[in-house]
Amino acid sequence: MTSFVDRLRRAVARRFLVALRRATHRMPSRLRTVQKERVLVIAPHMDDEAIPCGGTLLLHARVGSTVHVVFTSDSSGGSQNADARERVRTARLNEVAAAQKVLGYASQEVLGFPDGQLVQHERAMRERLTAAVGTFGPTQILCPFPADSHADHQATALATGQAATAASFRGEVWAYEVWTPLWPNVCIDITSVAAEKERAIACYASQLEDRDYVSAIMGLNKYRGLRHQVPFAEAYYACPPSEFCNLTASLDRLA
């Protein structure tokens with residue numbers, strides 16, 4: 001028997017996604033080219049910079065953009081065992097260093113909030129991300145889509161929306177897809193860097209032991225490319241910071 005909480009969650013999700021669909025169906029996805037920017041990538045975990053938007057970052061490296069990546073969690077796997085958490089965290093720090101060399105971005109930092117518990121640290125994340133936006137001065141922010149079906153991704157999206165507003169960010173927010181496909185209004189042709197993106201994801205050996213992220217995301221990128229008649233594309237929901245903040249706030253109120 002379906003519980004009341006499960007029914008409520010489904011109703012909330014439907015309401016949010018229908019509202020978003022009504023807002024976006026008039027804006028068909030269009031192919032855009034990567035321009036030189038100051039790009040702030042906000043990733044919940046070490047691999048969320050490579051899996052959803054690695055191709056875009058590779059293209060930014062080609063055009064000379066300055067890219068800074070902020071990982072909000074410690075990426076420790078959320079184990080109850082402290083030694084196990086430390087082993088995973090150390091492995092992923094080594095992996096992200098290898099992926100950074102492939103992706104070619106300038107710098108990264110780890111906020112270190114507990115993996116799997118970001119929803120409990122949204123206020124602190126907002127404060128740290130506000131500082132990051134103010135210090136780095138991006139012209140573009142990449143972050144998770146607020147309806148992604150991972151709680152850490154939702155919490156990171158909410159904190160990003162609040163931080164962008166608090167820091168008076170005036171560029172564009174590009175929300176990427178990881179666990180939940182979104183309704184994109186922008187796609188980037190990543191065909192020329194698809195093989196390099198695969199290599200970047202493959203750096204995360206600890207995350208590939210039981211899940212083939214490479215085949216999964218490249219399959220999604222191939223599917224996204226069909227609409228624009230290119231072999232591979234990454235999809236985004238791009239919008240002004242005020243709109244993104246409203247989206248995240250709406251989901252937060254409904255949840």
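Look up: the structure comes first, before these words.
To keep things clear, this report deals only with the structure shown in the data block.

Conventions adopted
Residues numbered from 1 in each chain as written. Predicted model: local features only at pLDDT ≥ 70, side-chain atom pairs only at ≥ 80, totals over all residues. Heavy atoms only, no water. Helix = DSSP H or I, 4+ residues; strand = E, 2+ residues; numbered from the N terminus. Buried < 20%, exposed > 50% of the residue type's maximum accessible area, 1.4 Å probe, protein only. Contact = heavy atoms within 4.5 Å. Areas by Shrake-Rupley, 256 points an atom, 1.4 Å probe, with all protein chains shown as cover. Polar contact = N/O pair within 3.5 Å; in protein donor to acceptor, adjacent residues only side chain to side chain. Core = buried A, V, L, I, M, F, W, Y, C linked by side-chain atoms within 4.5 Å. Pairing = 2+ DSSP bridges. Phe/Tyr/Trp six-rings, centres within 6.5 Å; stacked < 30°, edge-to-face > 60°. Expected span 1.5 Å × (residues − 1). Arc of directions from axis to C-beta.

**Focus on the overall build of the chain**
Then comes step 1: Counting its regular elements, the chain contains eight helices and eight strands.
Then comes step 2: For the chain, the proportion of its 255 residues judged to be buried stands at 49%.
Then comes step 3: Considering only residue pairs separated by 6 or more positions, the chain has 83% of its internal contacts joining residues 24 or more positions apart.
Then comes step 4: When the accessible surface of the chain is totalled, it reaches about 12,100 Å², and 51% of it is carbon and sulfur.

**So, the environment of Gln 207**
Then comes step 1: With respect to the element layout, Gln 207 can be found in the loop between helix H6 (194-202) and helix H7 (213-226).
Then comes step 2: Gln 207 gets classed as buried once you look at its relative accessible area, which sits at 17%.
Then comes step 3: Distance from Gln 207 to Gly 77, taken between C-alpha atoms, is 9.8 Å for residues 130 residues apart in sequence.
Then comes step 4: If we skip the residues at most four places from it in the chain, Gln 207 touches Asp 47, Arg 92 and Tyr 213.
Then comes step 5: Side-chain polar atoms of Gln 207 contact the side chain of Ser 206, separated by 2.9 Å.

**Section: the nonpolar core**
Then comes step 1: Counting residues in each nonpolar core, the largest one holds 39 residues, and the members touching the most others are Val 41 and Leu 142.
Then comes step 2: The element contributing the most residues to this core is H7, with five residues.
Then comes step 3: Those residues in contact with Leu 142 that sit more than four places away from it in its chain are Val 39, Leu 40, Val 41, Ile 42, Cys 53, Thr 56, Leu 57, Trp 174, Tyr 176 and Tyr 236.
Then comes step 4: Ile 42, Val 70, Ile 141 and Ala 147 belong to the second-largest nonpolar core, a separate cluster that totals 28 residues.

**Observations concerning the sheet that holds strand E2 (residues 38-43)**
Then comes step 1: On the basis of which strands lie adjacent, the open sheet formed by eight strands has the order E1-E7-E8-E6-E5-E2-E3-E4 and mixed pairing. Single-partner strands in this sheet number two, and they are strand E1 (30-31) and strand E4 (107-113).

**Quick word on the packing of aromatic side chains**
Then comes step 1: Summed over all chains, the structure comprises three aromatic pairs.
Then comes step 2: Between Phe 145 and Tyr 237 the ring centres are 6.1 Å apart and the planes differ by 70°, which places this aromatic pair in the edge-to-face class. One end of the pair, Phe 145, is in the loop between strand E5 (140-144) and helix H5 (151-166); the other, Tyr 237, is in strand E8 (residues 233-239), and 92 residues separate them in sequence.
Then comes step 3: Looking at Phe 145, the relative accessible area reads 3%, which means it is buried.
Then comes step 4: Judged by relative accessible area, Tyr 237 falls into the buried class, the value being 1%.

**Some remarks on H7**
Then comes step 1: Its 14 residues place the ends of H7 20 Å apart at the C-alpha level, agreeing with the 20 Å of an ideal helix rising 1.5 Å per residue.
Then comes step 2: Listed in full, the buried residues belonging to H7 are Tyr 213, Val 214, Ile 217, Met 218, Leu 220, Asn 221, Arg 224 and Gly 225. Along the axis of H7, the buried residues cluster in a sector spanning 155°; they form a single face. For H7, the exposed residues lying more than 90 degrees away from the buried face are Ala 216, Lys 222, Tyr 223 and Leu 226.

In short, the description is geometric, and any link to function would need to be established separately.
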